[in-house]
Amino acid sequence: MAQLSLRGVRKNFKNTEVLRGIDLEIHDRELVVFVGPSGCGKSTLLRLIAGLDTITEGEFILNGKSMLNVPPSKRDIAMVFQSYALYPHMNVYDNMAFGAKLMGLSKDEVQKRIAETAETLQLQALLERKPRELSGGQRQRVAIGRALVRKPAVFLLDEPLSNLDAALRSEVRLEIAKLHNNIGGTMIYVTHDQVEAMTLADRIVVLRDGVIEQVGTPRELYETPANAFVGTFIGSPR
Ligand code: ADP
Ligand code: MG
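Residues numbered from 1 in each chain as written. Chains lettered and ligands numbered in written order. Predicted model: local features only at pLDDT ≥ 70, side-chain atom pairs only at ≥ 80, totals over all residues.

Moving on to the sheet that holds strand β10 (residues 211-216). Pairing is mixed across the open sheet formed by 6 strands, whose spatial order is β6-β7-β8-β3-β9-β10. Among the strands making up the open sheet, the edge pair consists of β6 (77-80) and β10. The sheet shows a mean angle of 15° between the axes of neighbouring strands, taken without regard to direction. On top of the sheet, helix α4 (residues 136-148) reaches β6 and β7 (154-158); it is set at about 170° to β6, its chief contact. (Pairing = 2+ DSSP bridges. Helix = DSSP H or I, 4+ residues; strand = E, 2+ residues; numbered from the N terminus. Axes fitted to C-alpha atoms, helices over the stretch in contact; angles between N-to-C directions. Contact = placed C-beta atoms within 7 Å.)

The structure is reproduced here in structure tokens:
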């Protein structure tokens, strides 16, 4: 059984149809990448899954349960945003503790989880620092850590590398791949970058103008693109 099922999902903003019938099943522990040009609806789809926005039409099931009337805090999902705003007045520890405290975890449990997460992301030496005392890559690791501390079943990342320079981008990309192996959860990763998609994904979902053009492994998409759009976008020889 799929862990997440999207069925006929549509999203309108006023008169504009941004998602036009999304059907997708995602399995436990998969790393699925949503890829497609800017404006095709990737962030919108992620926000619907997180519950930050409402689905206009269709169904979304998580672990056998409809999520349509479930608020974000009650979904076993955490999201790292495209612009990962850390709280500037809080140090790294408090930034990471914030979401976990909202879940109602005890102080001891929060402390334990932060210690684990800091080790995974190599943040141990930075816990006392304020965001302004961190590099871009370190800030991004804190933003990821803040979501990880909640130990979500599903981990959503919206273009997590877009604010980093090229050198850091490949470093953090490798960390994300490792992270997916270590945390043992499902990961949905959004990017407009084909290379990121091809190197990270178990399966890639190619979006264009609010519809799914193709779903498959990187190899399937490369070798047998469903149409010229997918072929060109993925960079297939044909
Ligand atoms: P992507 O993440 O793939 O770049 P988005 O999901 O952010 O694309 O946006 C898809 C489309 O929906 C765009 O045309 C965007 O302008 C529109 N859109 C996104 N959010 C809103 C909103 N809150 N109100 C109106 N239009 C929106
Ligand atoms: Mg986006």
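Moving on, there is more to tell.
A few words now on the confidence of the model for the protein chain. Per-residue pLDDT for the protein chain averages 91, and the proportion of residues at 70 or more is 99%. Predicted complex, confidence summary: ipTM 0.98, pTM 0.90. (pLDDT = per-residue confidence, 0-100.)

What follows concerns the sheet that holds strand β4 (residues 57-62). Overall, antiparallel pairing links the 4 strands, which are arranged β2-β1-β4-β5 in an open sheet. If you trace the sheet from one side to the other, it starts and ends with β2 (16-26) and β5 (65-66), each paired once. The strands that helix α1 (residues 42-50) touches are β1 (4-13), β2 and β4; relative to β2, the one it contacts most, it runs at about 60°.

Here the focus is the site of ligand 1. In the vicinity of ligand 1, the contacting residues are F13, V18, G36, S38, G39, C40, G41, K42, S43 and T44. It is α1 that provides the largest number of residues to the shell around ligand 1, a total of 3 residues. Across the shell around ligand 1, the residue classes break down as 3 nonpolar, 6 polar and 1 charged. (Near = placed C-beta within 6 Å. Nonpolar A, V, L, I, M, F, W, Y, C, P; charged D, E, K, R; others polar.)

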